[in-house]
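So you can see what is in the structure, the chains are spelled out below.
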Amino acid sequence: MDDSALRSLFHQHVWQPFTQMKLAGEPHFIERGKGALLVTRDGQEIVDAIGSWWVNIHGHSHPKINAAIANQAEALEHVIFAGLSHAPGVELAARLSATTNHHLPRVYYSDNGSTAIEIALKMAYQFFQNKGAVHKREFISLTGAYHGDTIGTMSVGARSVFHEMYADLLFDTHYVSPPAVAFENWHIVDESHPAIQTALTELEELLSAKSTQICALLVEPLVQGASAAFAMYPPAYLRAAFQLCKEYDVFTIADEVFTGSGRTGRYYACEHAGVWPDIMALSKGLSGGYLPLAATLCSEKIYQGFYSDNRAHTLFHGHSMTGNPLGCAAALASLDLFTAENTLQRVQELEQHYRKLAAELLAGPLAAFTKEVRILGSIFALELAADLQYTSDFGWQVMQRSIAGGVLLRPLGKVIYMTPPYCISSAQLEKAFSVLHSVLLELLAD
């Protein structure tokens, strides 16, 4: 199909997410990808500096994942995962358990991050209902949280621009503030830091007053994603908050949908704090960014809360593609690559390269427009001093101008970030920073 016909069909039939279609203009059609590069139909190479919306971790069209999916498709593409099972689903569950040192040995599959969190909420809620603690039905979230776009996940997230329209549909959630610690002090503070003490006091006061009604605390560990635009808080807070919840018989749910699969330099962000939650949600990078796949991991205690002669104690959640063998095969190949390609070491090297390039960036005129730079693992976030809303034209202009320069960037309000495939080369990363620098100066210096 030629470009003209393809564009015509696009404008007649396609509705894209988080996009005002009337203002979107012409799409960029991607023909293929390799490593950290995307290639358009007309041959333009674009550095994928956002990992295709935070999912691609090993690079596009990786031969090992390609082969794993092709081999699995030759044997079995899908089968119902209730009553029946298959080897890739069982093997992946065992290997995911091992990534938590078997603290979270039970694995419940789904297909996306929002659903993985919905399942986590149901697990925490129904555990106490099954046990007869019928009043423990409320949740705590952090201010600035983002956990997805379904009704349940919007309810436990911040009422941001993403969710304001649907406020009347949502259930109430308790909110507590993460500690306000400047990022330059983030790595060195401990539980005694005044800001952490203030945040922990707020949490403990709520737990003390409401623990008989609260079933779980839900957090994005260390990095708050879409709503807070990569705001970060210290591991010391996470460690102490989890301990408080244990003391008050409140479950902890870690939303590792974004931060899992090596994003922060450890396989899970919780590892920086040396703690494990009761329930953990995974998606995005789980399949290497290839196929829709998610998993909700939980402790044996929670699993046993549903293991019963009473069929009403079943966790009634599922969808037709649960435990899809192709997705499981991709995830198994992805886990293999973490060993074969020393992936976590690559992420740590990427963090150091970020620090060097960020220092160079802030040595010039862009420093006058910058409020803060935050770096952790494969995450780079530059927060501008200007008050720029997500719904302004600024983000769209950055995206279009950066693509024209051969780099894919897509800001969140006033935060311009990078989350590239971990295999990005030094030259590609330096190009991304160069384009970032020139585009921002063009827009901000006007």
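Quick caveat: nothing in here was measured; it's all calculated off a predicted structure. (Residues numbered from 1 in each chain as written. Predicted model: local features only at pLDDT ≥ 70, side-chain atom pairs only at ≥ 80, totals over all residues. Heavy atoms only, no water.)

Visitor: Before we go on, may I ask you to explain unusual backbone geometry in this structure?
Guide: Keep in mind that most residues, glycine aside, have a negative phi and that most peptide bonds are trans. Residue Asp-249 is not a glycine yet carries a positive backbone phi of 55 degrees. Within the element layout of this structure, Asp-249 appears in the loop between helix 8 (235-247) and strand 10 (251-255). Residues other than glycine seldom take positive phi values, yet Ser-261 does so here, at roughly 60 degrees. Structurally, Ser-261 is set in the loop between strand 10 and helix 9 (270-273). (Helix = DSSP H or I, 4+ residues; strand = E, 2+ residues; numbered from the N terminus.)

Visitor: For this particular structure, what's the right way to read a nonpolar patch on the surface?
Guide: Where nonpolar side chains cluster on the molecular surface, the patch consists of Ile-151, Met-165, Tyr-166 and Leu-169 and spans about 450 Å² of accessible area. Turning to its location among the elements, Leu-169 is positioned in the loop between helix 6 (151-155) and strand 6 (174-176). (Patch = residues over 30% accessible without salt bridge, like charges linked within 9 Å, V, L, I, M, F, W, Y side chains within 5 Å. Areas by Shrake-Rupley, 256 points an atom, 1.4 Å probe, with all protein chains shown as cover. Salt bridge = Lys/Arg side-chain N within 4 Å of Asp/Glu carboxyl O.)

Visitor: Before we go on, may I ask you to explain the pairing of strand 14 (residues 379-384) in this structure?
Guide: Taking burial as the measure, the 6 residues of strand 14 include 6 buried ones, the bulk of the element. Because side chains alternate across strand 14, one face comprises the buried residues Ile-379, Ala-381 and Glu-383, and the other comprises Phe-380, Leu-382 and Leu-384, equally buried. Pairing between strand 13 (residues 370-376) and strand 14: 6 bridges, direction antiparallel. Of the residues in strand 14, the one forming a bridge with Glu-372 is Glu-383. (Buried < 20%, exposed > 50% of the residue type's maximum accessible area, 1.4 Å probe, protein only. Pairing = 2+ DSSP bridges.)

Visitor: Please clarify how the sheet that holds strand 16 (residues 415-418) should be interpreted in this entry.
Guide: Pairing between the strands of a sheet is mediated by backbone hydrogen bonds and can be parallel or antiparallel. With antiparallel pairing, the 3 strands of this open sheet are ordered in space as 13-14-16. Taken across any chain shown, the strands that pair with only one partner, and hence form the sheet edges, are strand 13 and strand 16. Along the sheet, successive strands turn relative to each other by an average axial angle of 10 degrees, direction set aside. Strand direction decides the pairing type here: strand 14 and strand 16, joined by 4 bridges, are antiparallel. (Axes fitted to C-alpha atoms, helices over the stretch in contact; angles between N-to-C directions.)

This is a description of form; function is not addressed.
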